[in-house]
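Breakdown of the fold
Spelled out from the first residue to the last, the chains are:
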Amino acid sequence: MKISNTKVVIVGAGMVGSAISFSLIEQGICAEVVLVDVNREKALGEVLDLQHSIEYMGRNVRVSAEGYETCQDADIVIITASASMAGVKNRMELLDKNIVIMDSIVDQVMESGFDGHFILVSNPVDVISYHVWKRSGLPKQQVIGTGTALETARLKQLIGQMMRIDPRSVHAFAMGEHGDSMMVPWSHIRVAGKDFVDVMEDNPDRFQDVDLDQLVERTAKAGYEVLKRKGSTQFGIASATTAIVRSILHDENRMITVSTLLEGEYGVDGVFCGVPAILGRGGVIEIGVYRLEEHENELFLESIHHLKEAIERIESK
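Just so you know, these numbers come straight off a predicted model, no measurement behind them. (Residues numbered from 1 in each chain as written. Predicted model: local features only at pLDDT ≥ 70, side-chain atom pairs only at ≥ 80, totals over all residues. Heavy atoms only, no water.)

**Things to note about the overall build of the protein**
Helix and strand counts for the protein stand at 10 helices and 12 strands. What you see for the protein is a C-alpha radius of gyration of 19 Å, in line with the 20 Å of a compact globule of 317 residues. C-alpha atoms of the protein, sized along the principal axes, occupy 60 × 50 × 45 Å. The buried share of the protein, taken over its 317 residues, is 55%. (Helix = DSSP H or I, 4+ residues; strand = E, 2+ residues; numbered from the N terminus. Rg over C-alpha atoms; globule rule 2.2 N^0.38 Å. Buried < 20%, exposed > 50% of the residue type's maximum accessible area, 1.4 Å probe, protein only.)

**Things to note about the pairing of strand β5 (residues 117-120)**
Going residue by residue along β5, you find H117 and I119 tucked away on one face and F118 and L120 tucked away on the opposite face as well. Judged from the four bridges that link them, strand β4 (residues 76-79) and β5 form a sheet pairing that is parallel. Across the sheet, residue V77 finds its bridge partner in β5, namely F118. Direction of pairing for β5 relative to strand β6 (residues 143-145): parallel, over a ladder of three bridges. In the sheet register, L120 faces β6, and the bridge partner there is G145. (Pairing = 2+ DSSP bridges.)

**Section: the sheet that holds strand β7 (residues 170-171)**
Reading across the sheet, the three strands line up as β7-β8-β9 and stay open at both edges, with antiparallel pairing between neighbours. Two strands lie at the open edges of the sheet, namely β7 and β9 (194-195), each paired on one side alone.

**Re unusual backbone geometry**
A cis amide bond, omega -5°, links N123 with the succeeding residue P124. Within the element layout of this structure, P124 appears in the loop between β5 and α4 (125-136). Of note in the backbone geometry, D251 takes a positive phi value of approximately 50° without being a glycine. Structurally, D251 is set in the loop between α9 (235-249) and β10 (254-263). Here D251 falls in the partly exposed class, since its relative accessible area comes to 45%. Phi at N253 takes a positive value of approximately 55°, unusual for a residue other than glycine.

**Re the packing of helix α1 (residues 15-27) against helix α2 (residues 40-51)**
Running from amino to carboxyl end, α1 crosses α2 at an angle of 25°, the nearest separation of the two axes being 11 Å. By the angle between their directions, the pair α1 and α2 is classed as roughly parallel. Every pair of crossing elements has a handedness; the one defined by α1 and α2 is right-handed. Mapping the contact onto sequence places S18, S21, F22 and I25 in α1 and K42, E46 and L50 in α2. Taken together, the residues of the contact of α1 with α2 break down into three nonpolar, two polar and two charged. (Axes fitted to C-alpha atoms, helices over the stretch in contact; angles between N-to-C directions. Parallel < 35°, antiparallel > 145°, perpendicular 65-115°, else oblique. Left-handed = near helix turned anticlockwise from the far one by under 90°. Contact = heavy atoms within 4.5 Å. Nonpolar A, V, L, I, M, F, W, Y, C, P; charged D, E, K, R; others polar.)

**Things to note about the pattern of salt bridges**
Taken as a whole, this structure holds 13 salt bridges when the rule is applied. With a shortest N-O distance of 2.3 Å, K140 and E263 are connected by a salt bridge. Residue K140 is found in the loop between α4 and β6, and its partner E263 is found in strand β10; the two are separated by 123 residues along the sequence. Salt bridges sharing common partners tie together D103, D107 and R135. (Salt bridge = Lys/Arg side-chain N within 4 Å of Asp/Glu carboxyl O.)

**Things to note about α1**
With 13 residues, α1 should cover 18 Å at 1.5 Å per step; its first-to-last C-alpha distance of 18 Å lies within 8% of that length. When we look at burial in α1, the residues that qualify are V16, G17, S18, A19, I20, S21, S23, L24 and I25. Next to the buried residues of α1 lie β1 (7-11), β2 (32-36), α2, β3 (62-65), β4 and α9. Note on α1: the residue one or two positions beyond its end, G28, has a positive phi of about 60°. (Expected span 1.5 Å × (residues − 1).)

**Side note on the packing of helix α5 (residues 149-163) against helix α8 (residues 212-230)**
Relative to each other, α5 and α8 sit at 130°, their axes nearing to 9 Å. Taken together, the axis directions place α5 and α8 in an arrangement best described as oblique. Crossing of α5 over α8 shows right-handed handedness. Side by side, α5 and α8 meet where E151, R154, L155, L158 and M162 of the first sit next to L215, R218, T219, A222 and G223 of the second. Considered class by class, the residues forming the contact of α5 with α8 number five nonpolar, two polar and three charged.

**Description of the pairing of β10**
When you tally the buried positions in β10, you get seven out of 10 residues, the bulk of the element. Across 10 bridges, β10 lies against strand β11 (residues 269-280) in antiparallel orientation. Within β11, the residue paired with T260 across the bridge is C273. Two successive antiparallel strands, β10 and β11, enclose a turn made up of five residues, where G264 displays a positive phi of approximately 110°.

Encoded structure:
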């Protein structure tokens with residue numbers, strides 16, 4: 001008799017990797033969480049701390065620190081390892097250093113016999129996701145970047161605060177690069193089922209001063225605001241990553257704006273970027289294609305242009 005065992009390996013036991021570990025354990029998403037890190041003592045310390053939390057959780061999740069051989073039977077490998085963000089003005093500046101890190105990690109993971117799903121958190125996540133897909137040789141459905149999942153949460157939070165409504169009643173999403181060039185398709189944003197633009201027009205006394213471009217900028221720059229004040233982001237991205245893991249392992253078929261390979265969708269080919277996608281046990285089941293207005297499509301393609309330039313740069317080396 002075969003009993004299914006859900007196992008998630010997290011490569012990188014820093015603040016983000018540890019926050020994701022805790023989130024997975026706290027929500028009881030999987031049966032086993034394994035930390036892999038070049039600093040094994042740090043990984044062991046995190047494991048001990050996580051183990052000490054199990055008593056007050058809803059499920060006895062097994063937690064350990066292992067080497068890359070543990071990836072052989074993992075359902076999901078999450079990569080959070082990254083060069084330091086210290087002194088970095090935008091995520092793309094991490095590319096050259098993080099490509100080297102990814103090559104080492106991906107080669108060792110694949111040598112274990114891994115055939116599950118990669119979830120990429122390391123920045124610049126869209127270009128990194130493309131590179132890991134090419135390097136690993138896995139089907140595109142099994143390589144997923146966190147994309148604009150976090151920007152989507154930030155956007156919904158901003159709209160919810162502004163309208164004094166639960167952000168979960170806001171249907172909104174950000175698209176394109178996980179970075180400064182992300183865009184928001186305002187023609188598809190709804191609040192409790194009503195067009196966001198109509199809500200503003202019908203309540204001029206409350207929303208006459210709302211600047212949509214400023215909302216986009218605040219969403220795109222939110223991560224830098226966190227970094228400036230506490231030195232790192234961890235809880236938001238941990239929550240987004242956990243939602244992606246849950247949708248895959250629990251076969252939820254939930255739509256989340258992740259970074260995935262476009263092959264003709266939105267008139268784009270050969271680029272990973274943040275788009276709405278249905279996630280289930282098979283990974284990316286289907287990409288949600290929305291009819292963008294002309295100016296929205298221009299903004300989206302401008303964001304794609306930034307990513308293509310980065311991809312061409314790494315492939316020319």
